[in-house]
Amino acid sequence: SDGIAVASVNYRLSPKVNFPAYLEDAAAAVAWVRAHIAEHGGDPARVFIAGHSAGGWLTLMLAMDARWLKPHGLTPDSFAGYIPLSGQTMTHYTVRKERDIGRFTITADEAAPVFHVRKETPPMLVLYADDDMAARAEENAYFVAVMKGVGNPSVAGLLVRDRTHGSIAGHMAEAGDPARQAVLEFIAAPAKFLAKQPKATAAP
């Protein structure tokens, strides 16, 4: 209804496959969309990558670690922006489980978006809920804070009030939803949206 085409993609799941198979699938999917979106009336230069929960983690990893898009002749900058929604910014607990690491043994290795923090990235809007999963809001706020700490001007974080891990995504279908409005503004003009955001962020 807002004039945005959405390509909903899938990927293989753990435990049938292990890291990084699902990340490779995500990279292949977005590369296909970029290559074929013009056939459906879209602009390859205006493709944004977004995802919720595990999809948020995949979104962050594609934005932060260039090696996953490289086999497709692409870089993170090949896309107009990234919109992770309640994604994990530490090593995903599914990856930890595959490695026999406890769910709440916090790990930040190559499978963690925060491991790849740097000053220059594509535009990024990081969304998370005030009543998100345990430590999820704090992880996202920390990621945004560290990105801003290294001087990255291309990231903004938004804590959405009165939302849970599930409802932050579910309510985006509603007119006037704050997450929906932020996403629409970000997609319309990433640089303009980022310029209006606070220079620093804090945990809720």
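Here, the structure is the one placed above.
The text that follows walks through the structure, step by step, so that each part is easy to find. Note that the coordinates shown come from a computational prediction; the quantities given were computed from them, not determined experimentally.

**What about the environment of L62?**
1) Next: You can see L62 is positioned in helix α2 (residues 54-64).
2) Next: Using a relative accessible area of 1% as the deciding quantity, one classes L62 as buried.
3) Next: For L62, the contacting residues outside a window of four places in its chain are L23, A26, A27, V30, I49, W68, L69, P76 and Y82.

**Observations concerning unusual backbone geometry**
1) Next: Residue P15 is bonded to the preceding S14 through a cis peptide linkage, with omega at 10°.
2) Next: You can see P15 is positioned in the segment before α1 (21-36).
3) Next: That bond from F19 to P20 is cis: its omega, 10°, falls within 30 degrees of zero.
4) Next: Tracing the backbone shows P20 in the segment before α1.
5) Next: In this structure, D100 is a non-glycine residue whose phi angle is positive, near 60°.
6) Next: Among the structural elements, D100 can be located in the loop between α3 (93-98) and β3 (124-131).
7) Next: A relative accessible area of 75% places D100 in the exposed class.
8) Next: Positioned with a positive phi, D162 is a non-glycine residue whose angle comes to about 60°.
9) Next: Along the chain, the position of D162 falls in strand β4 (residues 155-164).

**Examining the pairing of strand β1 (residues 48-52)**
Working note: regular strand, side chains alternate between the two faces of the sheet.
1) Next: With 5 bridges joining them, β1 and strand β2 (residues 81-85) adopt parallel strand pairing. In the strand pairing of β2, G51 is matched with P84.

**Here's the deal with the nonpolar core**
1) Next: Grouped together as the largest cluster of nonpolar side chains are 41 residues, with contacts concentrated most on L62, M124 and F143.
2) Next: Counting only elements with at least two residues in this core, the list comes to α1, α2, β3, α4 (136-149) and β4.
3) Next: Among the elements that make up this core, the one with the highest residue count is α1 (8 residues).
4) Next: Residues I83, A179, I187 and F193 belong to the second largest nonpolar core, which totals 17 residues.

**Some words on the sheet that holds β3**
1) Next: Spatially, the 4 strands line up as an open sheet ordered β1-β2-β3-β4, and their pairing is parallel. In this open sheet, the two strands that pair with only one neighbour each are β1 and β4. The average undirected angle you get between the axes of adjacent strands in this sheet is 15°.
2) Next: Pairing geometry for β2 and β3, over 2 bridges, is parallel. Pairing of L85 across the sheet is with L127, part of β3.
3) Next: Sheet strands in contact with α2 are β1, β2 and β3, and its direction is about 145° off that of β1.

**Considerations on the packing of aromatic side chains**
1) Next: Taken as a whole and assessed by the stated rule, the structure comprises 6 aromatic pairs.
2) Next: Ring plane angle 80° and centroid distance 6.0 Å describe the contact between F19 and W68, whose orientation is recorded as edge-to-face. Residue F19 is located in the segment before α1, and its partner W68 is located in the loop between α2 and β2; the two are separated by 49 residues in the primary sequence.
3) Next: Taking relative accessible area as the criterion, F19 reaches 16% and is therefore assigned buried.
4) Next: When its relative accessible area of 10% is taken as the criterion, W68 is described as buried.
5) Next: Ring plane angle 70° and centroid distance 5.8 Å describe the contact between F48 and F186, whose orientation is recorded as edge-to-face. With F48 in strand β1 and F186 in helix α6 (residues 178-188), this residue pair connects regions lying 138 residues apart in the sequence. Note on accessibility: F48 and F186 belong to one class, buried.
6) Next: Ring pairs connect the aromatic residues F19, Y22, W57 and W68, which therefore count as one cluster.
7) Next: Taking the ring centre of Y93 as reference, the NZ or CZ of R103 above it sits at 3.8 Å.

Parameters at a glance
- Residues numbered from 1 in each chain as written.
- Predicted model: local features only at pLDDT ≥ 70, side-chain atom pairs only at ≥ 80, totals over all residues.
- Heavy atoms only, no water.
- Helix = DSSP H or I, 4+ residues; strand = E, 2+ residues; numbered from the N terminus.
- Buried < 20%, exposed > 50% of the residue type's maximum accessible area, 1.4 Å probe, protein only.
- Contact = heavy atoms within 4.5 Å.
- Pairing = 2+ DSSP bridges.
- Core = buried A, V, L, I, M, F, W, Y, C linked by side-chain atoms within 4.5 Å.
- Axes fitted to C-alpha atoms, helices over the stretch in contact; angles between N-to-C directions.
- Phe/Tyr/Trp six-rings, centres within 6.5 Å; stacked < 30°, edge-to-face > 60°.
- Lys NZ or Arg CZ within 6 Å of the ring centre and 35° of its normal.

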